[in-house]
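# Understanding the architecture of this molecule
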Amino acid sequence: MTDTSTPYFLADPYTEVTFLEAPEAPTVVSAFADFPMADMASAFDSTFSALFPVLSAHGVQPVGPAFSLQTRMPSETVDMEIGFPVDLALAEAVPTEAGLTLQPSRLPAGRVAIVSHLGSYDGLGAAWGAFMQAVAEAGHEPVLPFWEFYVTEPSPEADPASMRTDLVTLIN
């Protein structure tokens, strides 16, 4: 059972696949289209370096963990948004010194499946496979978009075994 007074992206770890209604959430993101999968780390680094000064300058506060939202199935490239849920959206897109444009967006409302992956990012591929299989076995069809919340902030001191990433997909 999920505590409905706490946003789903701030709840305790989801130790098993959980189905719930997710409300729409305003976000601030950097969007990437047809971006090489091999360069994803640079997309995250550049986005997070540029994001905090812009949020601060506009009086916008993150209200949840960082996320990436995939708008199509990844191949050698990906279409994605990287950012944070926020207390209020930016009024308009903001170019940054890093050459990125940060823009208002949203996490979609709807019926979702969610599970927490505990471990290093190296295990995310296998975790997604098991998650999608469990969603299908429960009689649901995953639909785009899908997203990851990076609940544990990565740092050089972090133990990869203790990292928490929540996997989320819309479902039919």
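None of these values were measured; they are calculated from a predicted model.

Rules and cut-offs
Residues numbered from 1 in each chain as written. Predicted model: local features only at pLDDT ≥ 70, side-chain atom pairs only at ≥ 80, totals over all residues. Heavy atoms only, no water. Helix = DSSP H or I, 4+ residues; strand = E, 2+ residues; numbered from the N terminus. 1 Å grid on protein atoms, 1.4 Å probe; cavity = no way out; pocket = protein on both sides within 12 Å on 5 of 7 lines; lining within 4 Å. Points joined across faces, edges and corners; volume = space filled by probe spheres on them. Nonpolar A, V, L, I, M, F, W, Y, C, P; charged D, E, K, R; others polar. pLDDT = per-residue confidence, 0-100.

Note the cis peptide between Leu 144 and Pro 145, where omega equals 0°. Of note, Asp 34 is a non-glycine position whose phi angle comes to about 50°, a positive value. By the element assignment, Asp 34 lies in strand S2 (residues 25–36).

With that out of the way, let us pick up the layout of surface pockets. Quantified by volume, the largest pocket comes out at close to 520 Å³. In terms of lining, the largest pocket is formed by 18 residues, of which the most central are Phe 44, Phe 48, Ala 66, Glu 153 and Pro 154. Those elements that place two or more of their residues in the lining of the largest pocket are helix H1 (40–57) and strand S8 (142–150). A total of 7 residues in the lining of the largest pocket trace back to one element, the largest contributor, which is H1. For the lining of the largest pocket, the class distribution of residues is 13 nonpolar, 2 polar and 3 charged. Taken as a whole, the second largest pocket encloses approximately 290 Å³ of empty space.

This brings us to the confidence of the model for the chain. A low pLDDT means the predicted coordinates there should not be read in detail. On average, the chain scores 90 in pLDDT, and the residues at 70 or more come to 97%. Mean pLDDT in the chain bottoms out at strand S5 (residues 94–95), which sits at 88, and peaks at strand S9 (residues 164–171), which reaches 97.

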